[in-house]
Amino acid sequence: MIEQLRKDFPLLHTQVDEQTLCYFDSAATTQKPQSVIDAVNKFYQQENANVHRGAHTLSAAATTQYEAVRTKLADFLNVAAKEVVWTKGATDSLNLIAYGLSDKLNKEDIILISPLEHHANIVPWQQAAHRTGARIETLPISPQGILDLEASKQLIKTLQPKILSVCHASNALGNIHDVASLIDIASRCGTITVVDGAQSFLHLRPDLTALGCDFFVFSAHKALGPTGVGGLFGRYELLNDMPVYQTGGEMIERVSFSGTTFRDAPGKFEPGTPNISGVIGFGAALDYLNAIDDSALAHYEQCLYRYLVDALSDIGGVKIWGDIKQNIGVVSFTYKDEHHFDIATFLNTYGVAVRSGHHCTQPLMEHLSLSGTVRVSLAFYNSYQDIDTFIDALKDTIDMLEE
Ligand SMILES: Cc1ncc(COP(=O)(O)O)c(C=O)c1O
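The structure presented is a predicted model; accordingly, all values stated were derived computationally and were not measured.

Digging into the packing of helix α12 (residues 294-313) against helix α15 (residues 384-402)
Direction vectors running N to C along α12 and α15 enclose 20 degrees, while the axes themselves pass 10 Å from each other. Here α12 is positioned roughly parallel relative to α15, judged by the angle of their axes. Along this stretch, α12 crosses α15, giving a crossing that reads as right-handed. Contacts from Y300, C303, L304, Y307, L308, A311 and L312 of α12 reach α15 at Y384, I387, D388, F390, I391 and L394. Along the lines of polarity and charge, the residues of the contact of α12 with α15 split into 12 nonpolar, no polar and one charged.

A word on the layout of surface pockets
Of the pockets and cavities examined, the largest pocket occupies roughly 330 Å³. If you go around the largest pocket, you meet 22 residues; those closest to its centre are A27, H118, N171, Q199 and K222. A breakdown of the residues in the lining of the largest pocket according to their chemical character gives nine nonpolar, nine polar and four charged. A domain-level breakdown of the lining of the largest pocket finds at least three residues from each of domain 1 (2-24 + 293-402) and domain 2 (37-290). Counted as a void, the second largest pocket has a volume near 280 Å³. Lining the second largest pocket are 17 residues; nearest its centre among them are W86, T87, K88, D92 and P271. Secondary structure elements with two or more residues in the lining of the second largest pocket: β4 (84-87) and α4 (90-101). Of the residues belonging to the lining of the second largest pocket, the class tally is nine nonpolar, five polar and three charged.

Considerations on the packing of aromatic side chains
As enumerated under the stated definition, the model contains 16 aromatic pairs in all. Ring centres 4.9 Å apart and planes at 85 degrees place the aromatic pair Y307 and Y384 in the edge-to-face group. Placement of the pair is Y307 in helix α12 and Y384 in helix α15, with a sequence separation of 77 residues. Overall, Y307 belongs to the partly exposed group, its relative accessible area being 33%. Put simply, the rings of Y66, F76, W86, F201, F218 and F282 touch in pairs and so form one group of aromatic residues. Above the plane of the ring of Y236 lies K82, whose end atom (NZ or CZ) is 4.3 Å from the centre. Between K319 and the ring centre of W321, over which it is positioned, the NZ or CZ distance is 4.5 Å.

Observations concerning the site of the ligand
Taken together, A90, T91, H118, A120, N171, D196, A198, Q199, S219, H221 and K222 form the complete shell of residues around the ligand. H118 places a polar side-chain atom, nitrogen or oxygen, 3.4 Å from an oxygen atom of the ligand. Among the detected pockets, the ligand sits in the largest pocket. Among the residues making up the shell around the ligand, the classes are represented as three nonpolar, six polar and two charged.

Considerations on unusual backbone geometry
Cis geometry marks the peptide bond from A265 to P266; its omega dihedral reads 5 degrees. Position of P266 relative to the elements: it lies in the loop between β12 (259-262) and α11 (276-291). Non-glycine residue Q160 carries a positive phi angle of around 45 degrees. When you line up the elements, Q160 lands in the loop between α6 (149-159) and β7 (163-167). For L224, which is not glycine, the phi torsion reads 75 degrees and is therefore positive. With respect to the secondary-structure elements, L224 resides in the loop between β9 (215-219) and β10 (230-234). Residue classification places L224 among the buried residues on the basis of a relative accessible area of 0%.

Observations regarding the sheet that holds β9
In space, the seven strands of this open sheet follow the order β4-β10-β9-β8-β7-β5-β6, with mixed pairing throughout. The open sheet terminates on both sides in strands that have one partner only, identified here as β4 and β6 (135-138). Sheet twist, expressed as the mean angle between neighbouring strand axes with direction ignored, is 20 degrees. Bridge count between strand β8 (residues 192-196) and β9: three bridges; the pairing is parallel. Looking at β9, one finds that D196 is bridged to V217.

As for the UniProt feature "domain: Aminotransferase class V" (unreviewed entry) in the protein
Per the UniProt record, "domain: Aminotransferase class V" (unreviewed entry) is annotated on residues 23-390. Along residues 23-390 the backbone is 41% helical and 17% strand, and the end-to-end C-alpha distance reaches 10 Å.

Definitions and cut-offs
- Throughout this document, residue positions are counted from 1 along each chain, in the order its sequence is written.
- Since the coordinates come from a predicted model, pLDDT governs what is reported: local features require at least 70, and pairs of side-chain atoms require 80 or more to be given and counted, while whole-chain, interface and lining totals use all residues.
- To obtain the side-chain values, all non-hydrogen atoms of the structure were used and water was disregarded.
- Angles run from 0 to 180 degrees between N-to-C directions of axes, and those axes are lines fitted to C-alpha atoms, restricted for helices to the stretch in contact.
- Note on conventions: DSSP H or I runs of at least 4 residues are helices, E runs of at least 2 residues are strands, and numbering of each starts at the N terminus.
- By definition in this entry, angles of less than 35 degrees are roughly parallel, angles greater than 145 are roughly antiparallel, angles of 65 to 115 are roughly perpendicular, and the rest are oblique.
- Crossings are assigned a handedness: left-handed for a near helix turned anticlockwise from the far helix by less than a right angle, right-handed for a clockwise turn.
- Contacts are residue-level and defined by heavy atoms, with any inter-residue pair within 4.5 Å sufficient.
- Residue classes follow a fixed rule: Ala, Val, Leu, Ile, Met, Phe, Trp, Tyr, Cys and Pro count as nonpolar, while Asp, Glu, Lys and Arg count as charged, and any other residue, Gly among them, counts as polar.
- In this analysis the probe radius is 1.4 Å and the grid spacing 1 Å, with only protein atoms considered; a cavity is a set of points the probe fits into but cannot get out of, a pocket is an open set with protein on both sides within 12 Å along at least five of seven lines, and lining residues have an atom within 4 Å of a point.
- Grid points are joined across faces, edges and corners, and a volume is the space filled by probe spheres set on the points.
- Each domain span listed reflects an automatic or database assignment of domains.
- Each Phe, Tyr or Trp ring, with Trp reduced to its six-membered ring, pairs with another whose centre is within 6.5 Å; inter-plane angles below 30 degrees give stacked pairs, above 60 give edge-to-face pairs, and intermediate values give tilted ones.
- Only protein chains enter the calculation, and the probe is 1.4 Å; a residue is then buried if its accessible area is under 20% of its type maximum, exposed if over 50%, and partly exposed in between.
- Criterion for a charge above a ring: Lys NZ or Arg CZ within 6 Å of the ring centre, and within 35 degrees of the ring normal.
- We call a residue near a molecule or strand as soon as one heavy atom of that residue lies within 4 Å of the molecule or strand.
- For this analysis, a polar contact is any N or O atom pair within 3.5 Å, provided that within protein one partner can donate a hydrogen and the other can accept it, and provided that sequence-adjacent residues contribute only side-chain to side-chain pairs.
- Just a note on the criterion: a molecule sits in a pocket or cavity if more than half of its atoms are within 2 Å of the grid points.
- Pairing between strands is defined by DSSP: at least two bridges between them are needed.
- UniProt positions are given in the numbering used here, feature names are shortened, and annotations may be inferred rather than shown by experiment.

Structure representation (C-alpha cells):
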C-alpha cells in the first residue's frame with residue numbers, strides 16, 4: 001500500500017542536488033499529493049473567481065466549492081460547519097483566539113500553557129496577558145521534556161485557570177499529550193480549553209466532539225494541503241461571542257457612518273478575500289485522507305518510528321529527547337556536543353532533509369539546556385529505505401565530525 005501511496009507524491013521521486021530526496025521534515029510541512037496540486041491548478045485554469053459576492057456562474061461555483069470544503073472539514077473533525085473558521089494557519093488561528101478571549105481576562109486570571117508549546121502558542125497569550133494583566137503559568141514537565149500528566153491535572157485543579165492552551169502533540173519532540181483528560185478536568189473548573197492541533201491533525205485525526213475542547217487550531221500545509229491556509233474550530237456559543245479580530249469587507253452585516261454591524265460566526269472572522277485556491281486544495285487533501293485506511297497508516301507510521309528509534313539508539317553518543325512511547329513519529333536527537341546545524345548540513349549532502357535548531361520552542365530548549373536538536377519527522381509516505389539511507393548518512397557524518 002505504501003509504495004502505491006508514495007507514487008502520489010511527485011517531489012519524493014525527484015533529485016535534489018543530484019540525490020534522491022529522503023524527506024524527513026514533515027512536521028515543518030508535508031509533501032503534497034498530485035491530487036492537491038491538480039486541484040489548485042484546476043481552480044486557476046478553469047474555475048477562478050472570487051467567492052460570496054458574484055451573481056455570475058464562476059463566482060457561484062467557487063462559493064459552492066469553498067463552502068463545501070468547510071463542511072468536509074467539519075465532518076472530518078466531527079463538528080458543525082458554522083464552528084469552522086478559515087484562517088491563514090495555526091499561528092493566525094491562535095492569534096485570533098488569544099485576541100478574542102482577552103475580553104474575558106483580568107489581572108486575577110491565569111492562562112495555563114505547557115513549556116512544550118510552539119512559539120505560536122506562547123507569544124499570542126503573552127500579548128493577551130500584557131493587555132489584560134492576566135498571568136501565564138506552565139504545566140510541569142520532566143527533565144527529558146515529558147509532560148507530567150498527573151501533576152498537570154492537579155495543577156489545573158489548584159490554579160483554576162481561565163484558559164488552558166496546550167499542544168496535542170509537540171512539534172519539537174513529537175510527544176503526544178492526553179489532552180482529553182486535561183480538558184475533562186479543566187472543563188469541570190470552568191476553564192476555556194484550546195488545543196493546538198498543528199501536529200496532531202494528520203497523525204491522530206482527532207474527533208473534536210470526543211476530545212471536548214472549546215477551540216482547536218490547525219494548518220492545512222501540515223496535513224498534505226497548501227500553505228497559507230488553515231483554520232480553527234470554536235464551540236459555537238464561545239466563538240460567536242468573541243469580538244471581531246480583523247475587520248473589512250465580507251465580515252459585515254451592514255456598514256454606515258453611524259456604525260457597523262457584523263455577521264455571525266464564522267463569517268465575522270473572515271474579512272476580505274480568502275485563500276480560495278488554498279481551501280480548495282485542502283479539500284483535495286481531505287479527500288485523499290478520507291480515501292485511505294487511517295488505522296493501517298497509523299500502524300505503519302508507528303512501525304517506521306520504532307525502526308528509526310531502534311537504529312538511532314544503536315549509535316553510541318546519540319541522545320533522543322522526549323517521549324518515545326507516545327509519539328507521532330518525530331525523533332529529536334543530539335550527538336555528543338556536535339552542533340545540530342553541522343549534522344543537518346552534512347546530512348543534506350546525502351539528500352536527507354531534516355530540520356535543525358530550536359524548532360520555535362525556545363523555552364523547551366532552555367529547559368533541556370540545549371541550543372537545539374536535529375529533528376527527523378516522519379509521515380506515512382516515508383519508507384524503510386529512507387531510514388536506512390538516513391542512518392548510513394548519519395554514520396558517515398559522525399565519522400567526518402570525529403575526524
Ligand atoms: C505545534 C505547532 N503549533 C503551531 C505551529 C504554527 O503553524 P503555522 O506556521 O502553520 O502557522 C506549528 C508549526 O510548526 C506547530 O508545529
